[in-house]
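The residues making up each chain are set out below.
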Amino acid sequence: MTAVTARAHTNIALVKYWGKADTELMLPQTSSLSLTLDQFYTDTTVSFDDSLTSDDVVINDQRLAPAASVKVSHVLDLVRQQSGETRFAHVASMNHVPTSAGLASSASAFAALAGAASRAAGLNQSRTELSRLARRGSGSATRSIFGGFVKWQAGTDDASSVAIPIQEDVTWPIAMVALVLDPHHKKVSSTQGMQSSVTTSPYYPAWKQVVAEDLAAITPAILAQDFTTTGEILEANAMRMHALTLSANPPYSYFNGETLAAIATVQALRDSGIACYYTLDAGPNLKVFCQEKDLGAVTTRLASQFSADQVIVAHPGPGIAFL
Ligand code: PMV
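Nothing here was measured: the structure is a model prediction, and the numbers come from that model.

Draft legend 1. Structural detail: the sheet that holds strand S13 (residues 311-314). Strand order in the open sheet formed by four strands is S11-S12-S10-S13, and the pairing between neighbours is antiparallel. Single-partner strands in this sheet number two, and they are strand S11 (276-279) and S13. With strand direction ignored, the average angle separating the axes of adjacent strands in the sheet is 25°. For S11 and strand S12 (residues 286-291), the ladder comprises four bridges, and the chain directions are antiparallel. Bridging across to S12, Tyr 277 finds its partner in Phe 289. Helix-sheet contacts for helix H8 (residues 295-305) involve strand S10 (174-179), S11, S12 and S13, and the interaxial angle to S10 is about 5°.

Below you can see the structure in the form of structure tokens.
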């Protein structure tokens, strides 16, 4: 019984994935693009064991009930199909996300699971193949296989829906500051939220157009280290994603009262000459994109308005590693 441990970092989407085209294969409606972050990661160890009668999943030292580990077993089933492995597995996973940071761990978790399970089953898969496997657990996990700036190419089938590194070693002196406003679990899951946006928002066709344009414009901006263009695109893209929640039927929002106050703070910082831009995922917490030279000013301002322990500084992070 070989135990394999993999480490994967989470990522923040700069051009968001918001809608599935195929819920079984987890094919997205559009491509997306993210930055892998150094601060938040998951370590997952997998070993197949013939004494088990079902998969045994322990997350942060808590053993999951079988009903709660369905998504994990789904990924393990795919690995078993591909490898011929017939045994159930022990999965032990630790999320290294600052406590109650309220930051999604599904991206790092499913990327680490895909890597560890694939190796433990004796598969020698490329990172592209691992991204394809991670996708089946959580869409955003597709991108966490690679470091730095990563595109998830929507593709048209299982084989073509994979992550593509845009730039793994990032030398650009930029930072992503997480502002944690509410550490609790989101009320509307990303899966539910996406589905309602796709099926009920009249703006959904426009969103697909927006994503195509944003991807075409942000990629050269990143490679040219054009901070203003990159920032303007990621901020507008996030707000347009959130416009899909407001325009769904029934309408809903991931924002809370403090979200709007924090957005106003970022705008005020910008008006005072400190260039910074915000983005938000399926929750109320902001991530503020800034240049290293302005990091002190940004964190000081956010910590004075909120509190220092709500402010976490992240930088570009690496792709999957085996420990
Ligand atoms: O794949 P999920 O369920 O983690 O959904 C990700 C959704 C967003 O974080 C809002 C956008 C994204 O591209 O990561």
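Now that the structure has been shown, the text picks up again.
Draft legend 2. View of the site of the ligand. Close to the ligand lie 14 residues, the nearest being Tyr 17, Gly 139, Ser 140, Arg 143 and Ser 190. Between the ligand and the protein, one listed contact pairs an oxygen atom with a side-chain N or O atom of Ser 106 at 3.3 Å. In this structure, Ser 190 approaches the ligand through a side-chain N or O atom, which is 2.6 Å from an oxygen atom. Looking at side-chain class alone, the shell around the ligand contains six nonpolar, five polar and three charged residues.

Draft legend 3. Highlighting the nonpolar core. The biggest cluster of nonpolar side chains holds 40 residues, and the ones touching the most others in it are Leu 14, Trp 18, Leu 33, Phe 40, Phe 149, Trp 172 and Trp 207. Elements that contribute at least two residues to this core include exactly strand S1 (4-15), strand S4 (32-49), strand S8 (149-152), S10, helix H5 (204-223), helix H6 (227-246) and S13. If one sorts the elements of this core by residue count, H5 sits on top with seven residues.

Draft legend 4. Examining H5 more closely. The terminal C-alpha atoms of H5, which comprises 20 residues, lie 29 Å apart, in line with the 28 Å expected from a rise of 1.5 Å per residue. Listed as buried for H5 are Tyr 204, Trp 207, Val 210, Val 211, Asp 214, Leu 215, Ile 218, Thr 219, Ala 221 and Ile 222. Next to the buried residues of H5 lie S1, S4, S8, strand S9 (163-167), helix H4 (190-200) and H6. Backbone geometry just after H5 places Gln 225 at a positive phi near 55°.

Draft legend 5. Looking closely at the pattern of salt bridges. By the definition in use, this model includes 13 salt bridges. Measuring nitrogen to oxygen at the nearest pair gives 2.9 Å for the salt bridge that ties Asp 55 to Arg 80. Taken as a pair, Asp 55 in the loop between S4 and strand S5 (56-59) and Arg 80 in helix H1 (residues 70-83) lie far apart in primary sequence, 25 residues in all. According to the relative accessible area criterion, Asp 55 is buried, its value standing at 13%. Between Asp 158 and Arg 136 there is a salt bridge; the shortest N-O distance is 3.8 Å. Taken together, the residues span a long stretch of sequence, with Asp 158 in the loop between S8 and S9 and Arg 136 in the loop between helix H3 (127-135) and S8 at a distance of 22 residues. Here Arg 136 falls in the buried class, since its relative accessible area comes to 11%. Among the charged side chains, a network of salt bridges with common partners joins Glu 24, Arg 132, Arg 135, Arg 136 and Asp 158.

The rules behind each value
- Numbers given for residues are sequential positions, taken from 1 along each chain in its written order.
- Predicted model: local features are reported for residues with pLDDT of at least 70 only, side-chain atom pairs are reported and counted for 80 or more only, and whole-chain, interface and lining totals are derived from all residues.
- Calculation of side-chain values draws on the structure's entire complement of heavy atoms; hydrogens and water are dropped beforehand.
- By this definition, two strands are paired if DSSP reports at least two bridges between them.
- Numbering of helices and strands runs from the N terminus, with a helix taken as a DSSP run of H or I at least four residues long and a strand as a DSSP run of E at least two residues long.
- Helix axes are fitted only over the stretch in contact, all axes being lines through C-alpha atoms; the angle between N-to-C directions runs from 0 to 180 degrees.
- For this analysis, residues touch if any pair of their heavy atoms sits within 4.5 Å.
- Near, as used in this document, describes a residue that has one of its heavy atoms within 4 Å of the molecule or strand being considered.
- We define a polar contact as two N or O atoms separated by no more than 3.5 Å, with the added condition that, inside protein, one atom must be a possible hydrogen donor and the other a possible acceptor, whereas residues neighbouring each other in sequence contribute only through side-chain atom pairs.
- Note on residue classes: Ala, Val, Leu, Ile, Met, Phe, Trp, Tyr, Cys and Pro are nonpolar, Asp, Glu, Lys and Arg are charged, and everything else, Gly too, is polar.
- The criterion is simple. A nonpolar core is a set of buried Ala, Val, Leu, Ile, Met, Phe, Trp, Tyr and Cys residues joined through side-chain atoms within 4.5 Å.
- Each residue's exposure class comes from its accessible area (1.4 Å probe, protein chains only) as a fraction of the maximum for that residue type: buried when under 20%, exposed when over 50%, partly exposed otherwise.
- Expected helix span is taken as 1.5 Å per residue step, with the number of steps being one fewer than the number of residues.
- Take a side-chain nitrogen of Lys or Arg and a carboxyl oxygen of Asp or Glu: if they are within 4 Å of each other, that pair is a salt bridge.

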